[in-house]
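A structural walkthrough
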Number of protein chains: 2
Amino acid sequence: MLTPLLRELVAAEKPALARNDLTMWGYVVLCALDRGTVRTQAALAQAVNADKTRIIGTLDELQDRNLIERRPDPEDRRVRLLAITDAGRAVKEAAQAEIQSGEERWLGLLTAEERSVFLRALQRMTHA
Amino acid sequence: MLTPLLRELVAAEKPALARNDLTMWGYVVLCALDRGTVRTQAALAQAVNADKTRIIGTLDELQDRNLIERRPDPEDRRVRLLAITDAGRAVKEAAQAEIQSGEERWLGLLTAEERSVFLRALQRMTHA
DNA sequence: TATTGTTATACTCTATAACTATA
DNA sequence: TATAGTTATAGAGTATAACAATA
């Protein structure tokens, strides 16, 4: 049941991402960096469940658009310190708001009671 | 939240499928055919959300192993009538049982009440 | 010599297009 | 000529391996 539902959700959020000029990976990275600065690209890759080589292009583009900051650590110039910028946070918030409002199409089918149980159950299973 | 959860579920069911010598697509096809005979491969592809060219290899293999039946329709020899065999149903049931028991690792975190609400909510949103 | 990040290569999966056989 | 199925080709996405820079 989860597979078709997730497919629909992803399809539905595509236009919202496009309106904010974000790819799925760009959005995922912004969300991860909004939860806190990360010290290495490898750590970020792990946090978003991606290969370290897979996010490089994404980081290049986000940096070009000043949505993230990415500079060599002065203490170890091999590593890149990563942080979201104010502009990046603004884009992320806008996209997230649109996505969450789109999700109402599904969550709106539930009663307040069901909705709270559903989200709590999902959260518990996700963090298991 | 759904994405990482589904990823884990899929990863967890892989060994169960392997033990029954099934690919993900093979399992999906057997499940679809177990819900009822299908008249054309295109219809089956649509039912499992796949391209019609994508399931041909799967059908070849399932047929070789006598898990499905696939014969030209006498009334229109262009179309292939598709049906699961008894052997196919047995394999599907075995795999499904293992998969569902594996899912207990997650559903077991919920109370009986939560579990029933969760599954009902999921079902309603899936069919929307 | 080991590690971070990058680039280059190969592989898998999927989608598109051309082909065969029936109608 | 149109349709079901098949095969061949091309494209996207991802993973693996080689490389450059720092330590």
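Note: the structure precedes this text.
I will try to describe carefully the structure that is included in this document. Everything numeric in this text was worked out from a predicted model, so none of it was measured.

**So, the overall build of chain A**
Along the backbone of chain A there are 6 helices and 2 strands. From first element to last, N terminus to C terminus, chain A shows the α and β order α-α-α-α-β-β-α-α. Overall size of chain A, expressed as C-alpha extent along the three principal axes, is 55 × 35 × 25 Å. Buried positions account for 40% of the 128 residues belonging to chain A. In chain A, once contacts between residues fewer than 6 apart in sequence are set aside, the share between residues at least 24 apart is 54%. Carbon and sulfur atoms make up 51% of the accessible area of chain A, which amounts to about 7,300 Å² in all. Computed over 19 positive and 19 negative side-chain charges, the separation of the two mean positions in chain A equals 4 Å.

**A look at the relation of the copies chain B and chain A**
With an RMSD of 0.1 Å, chain B superimposes on chain A once it is rotated by 179 degrees and translated 0.0 Å along the axis. Taken together, the turn and the small shift mark the pair as related by a two-fold rotation axis. No C-alpha of chain B lies nearer the rotation axis than that of B:Phe118, which sits 2.5 Å from it. Interface overlap between copies: 100% of the residues of chain B at the interface are likewise at the interface in chain A, consistent with a symmetric, same-surface contact.

**Overview of the packing of aromatic side chains**
The full count for this structure, using the stated rule, is 1 aromatic pair over all chains. Judged by centre distance (5.2 Å) and plane angle (15 degrees), the ring pair of A:Phe118 and B:Phe118 falls under stacked. Linking A:Phe118 in helix α6 (residues 112-126) with B:Phe118 in helix α6 (residues 112-126), this pair reaches from one chain into another. Assigned by exposure class, A:Phe118 and B:Phe118 land together as buried.

**A short note on the protein's contact with DNA strand C**
As a matter of local geometry, DNA strand C sits amid 17 residues, with A:Gln41, A:Arg80, B:Arg54, B:Arg77 and B:Arg78 nearest to it. Each atom of DNA strand C within 4 Å of the protein was assigned to sugar, phosphate or base; sugar and phosphate come to 71%. Here a phosphate oxygen of DNA strand C and a backbone polar atom of A:Ala42 are 3.1 Å apart. A:Arg70 is positioned such that a nitrogen or oxygen atom in its side chain is 3.3 Å from a phosphate oxygen of DNA strand C. Of all the secondary-structure elements, those providing two or more residues to the surface near DNA strand C are α3 (41-47) and β2 (76-84) of chain A together with β2 (76-84) of chain B.

**Remarks on the interface of chain B and chain A**
Each side of the interface is counted separately: chain B has 26 residues, and chain A has 26 residues. Contact between chain B and chain A buries roughly 2,800 Å² in total, counting both sides, with carbon and sulfur atoms accounting for 73%. Three residues, B:Met1, B:Leu2 and B:Met125, lead the burial of chain B against chain A; their summed loss comes to 25% of the area buried on that side. Applying the counting rule to chain B against chain A returns 4 salt bridges.

**Considerations on helix α4 (residues 56-64) of chain B**
Residues three or four positions apart in an α-helix share a direction because the helix packs 3.6 residues into each turn. All names here are of chain B. Taken residue by residue, α4 has Thr 58, Leu 59 and Leu 62 as its buried positions. Within α4, the buried residues cover an arc of 95 degrees as seen down the axis, which keeps them to one side. Each element contacted by the buried residues of α4 is listed here: α2 (24-34), α3 (41-47) and β1 (68-73). A positive backbone phi angle near 60 degrees is found at Asn 66, which sits one or two residues after α4.

Rules used in this analysis
Residues numbered from 1 in each chain as written. Chains lettered and ligands numbered in written order. Predicted model: local features only at pLDDT ≥ 70, side-chain atom pairs only at ≥ 80, totals over all residues. Heavy atoms only, no water. Helix = DSSP H or I, 4+ residues; strand = E, 2+ residues; numbered from the N terminus. Buried < 20%, exposed > 50% of the residue type's maximum accessible area, 1.4 Å probe, protein only. Contact = heavy atoms within 4.5 Å. Areas by Shrake-Rupley, 256 points an atom, 1.4 Å probe, with all protein chains shown as cover. Lys, Arg positive; Asp, Glu negative; His and termini not counted. Charge placed at Lys NZ, Arg CZ, Asp CG, Glu CD. Least-squares fit on C-alpha atoms with pLDDT ≥ 70 in both. Phe/Tyr/Trp six-rings, centres within 6.5 Å; stacked < 30°, edge-to-face > 60°. Near = heavy atom within 4 Å. Polar contact = N/O pair within 3.5 Å; in protein donor to acceptor, adjacent residues only side chain to side chain. Buried area = accessible area lost by both parts, 1.4 Å probe. Salt bridge = Lys/Arg side-chain N within 4 Å of Asp/Glu carboxyl O. Arc of directions from axis to C-beta.

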